[in-house]
Amino acid sequence: MQTIFPKGEKGSSEYFTGNAYNHGLVPADSTYATLVGNVYFEPGASSNWHRHPAGQILIITDGMGYHQIKGQARQTMRKGDVIQCPPNTVHWHGASPDTGLQQLYIIPNTEKGIVEWMEPVADEAYHGAG
């Protein structure tokens, strides 16, 4: 996997299944009101279900993985894909079982809040069966 940014800090097992690493690029502040960072998911790693009050944009820079909005079918993500998660939409994302995933995330309007974490993703949902 080609890396653009440093690997970053390992994400908490409270919010991620497997190993995911976050590297912040643009901190949330009152000037830009936007949070930007890079996450590398090792194969099989995924986020818990979560939502962002103002939404989130994912730009896939390498690898392959999955994204799912609650109540919809799981979608496959590949290098070059851009995913838009609408405000307050419960979703998860992560790497495929055999391939890591690298993504840039953009969270706009951070004055509305950053993220609300929820439960881990069930195996059935991760594997596209639920």
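Scroll up to find the structure.
Attention in this report is confined to the structure presented alongside it. (Residues numbered from 1 in each chain as written. Predicted model: local features only at pLDDT ≥ 70, side-chain atom pairs only at ≥ 80, totals over all residues. Heavy atoms only, no water.)

**Quick notes on the overall build of the chain**
Thinking step 1. Across its full length, the chain carries 1 helix and 12 strands.
Thinking step 2. Helices and strands appear in the chain in the N-to-C order β-β-β-β-β-β-β-β-β-β-β-β-α.
Thinking step 3. Its C-alpha atoms give the chain a radius of gyration of 14 Å, near enough to 14 Å, the size a compact globule of 130 residues would have.
Thinking step 4. Looking at the chain residue by residue over its 130 residues, the buried ones come to 42%.
Thinking step 5. Long-range pairs, those at least 24 residues apart, make up 70% of the contacts in the chain between residues at least 6 apart in sequence.
Thinking step 6. Counting every atom, the chain has about 6600 Å² of accessible surface; 51% of that belongs to carbon and sulfur.
Thinking step 7. Taking the 8 positively charged and 12 negatively charged side chains of the chain as two groups, their mean positions are separated by 4 Å. (Helix = DSSP H or I, 4+ residues; strand = E, 2+ residues; numbered from the N terminus. Rg over C-alpha atoms; globule rule 2.2 N^0.38 Å. Buried < 20%, exposed > 50% of the residue type's maximum accessible area, 1.4 Å probe, protein only. Contact = heavy atoms within 4.5 Å. Areas by Shrake-Rupley, 256 points an atom, 1.4 Å probe, with all protein chains shown as cover. Lys, Arg positive; Asp, Glu negative; His and termini not counted. Charge placed at Lys NZ, Arg CZ, Asp CG, Glu CD.)

**Re the side chain of Ser 96**
Thinking step 1. As for its position among the elements, Ser 96 is in the loop between strand E10 (91–95) and strand E11 (101–107).
Thinking step 2. For Ser 96, the residues in contact, after removing those within four places along its chain, are Pro 43, Gly 44, Met 64, Gly 65, Tyr 66 and Tyr 126.

**Brief notes about the pairing of E11**
Thinking step 1. Most of E11 sits out of view: 6 of its 7 residues are buried.
Thinking step 2. Where strand E7 (residues 56–69) and E11 come together, 6 bridges link them in antiparallel fashion. The residue bridging Asp 62 from the neighbouring strand is Gln 102, located in E11. (Pairing = 2+ DSSP bridges.)

**Concerning the pattern of salt bridges**
A side chain with one charge can pair with a side chain of the opposite charge if their charged atoms come near.
Thinking step 1. Applying the stated criterion across every chain yields a total of 3 salt bridges.
Thinking step 2. Residues Arg 51 and Glu 116 are paired through a salt bridge, measuring 3.0 Å at the closest nitrogen-oxygen approach. Of the two residues, Arg 51 sits in strand E6 (residues 50–51) while Glu 116 sits in strand E12 (residues 116–117), which places them 65 residues apart along the sequence.
Thinking step 3. A relative accessible area of 39% places Glu 116 in the partly exposed class. (Salt bridge = Lys/Arg side-chain N within 4 Å of Asp/Glu carboxyl O.)

**Examining the layout of surface pockets**
Thinking step 1. For the largest pocket, the calculated volume is near 300 Å³.
Thinking step 2. For the lining of the largest pocket, the residue count by class is 12 nonpolar, 9 polar and no charged. (1 Å grid on protein atoms, 1.4 Å probe; cavity = no way out; pocket = protein on both sides within 12 Å on 5 of 7 lines; lining within 4 Å. Points joined across faces, edges and corners; volume = space filled by probe spheres on them. Nonpolar A, V, L, I, M, F, W, Y, C, P; charged D, E, K, R; others polar.)

**Here's the deal with the nonpolar core**
Thinking step 1. Membership of the largest hydrophobic core comes to 15 residues, with the highest contact counts inside it found for Phe 41, Leu 58, Met 77, Leu 101 and Tyr 105.
Thinking step 2. Elements with a minimum of two residues in this core: strand E4 (35–41), E7, strand E9 (82–85) and E11.
Thinking step 3. Setting aside chain neighbours within four positions, we find Met 77 in contact with Leu 58, Ile 60, Gly 63, Met 64, Gly 65, Tyr 66, His 67, Ile 83, His 93, Gly 94, Leu 101 and Gln 103.
Thinking step 4. Counting 7 residues, the second-largest nonpolar core is a separate cluster that includes Tyr 66, Val 90, Val 121 and Ala 125. (Core = buried A, V, L, I, M, F, W, Y, C linked by side-chain atoms within 4.5 Å.)

**A closer look at the side chain of Asp 62**
Thinking step 1. Mapped onto the fold, Asp 62 is located in strand E7.
Thinking step 2. No salt bridge is formed by the buried Asp 62, whose closest oppositely charged neighbour, Lys 79, lies at an N-O distance of 4.5 Å.
Thinking step 3. Beyond its immediate sequence surroundings of up to four residues, Asp 62 is in contact with Met 1, Gln 2, Lys 79, Gly 100, Leu 101 and Gln 102.

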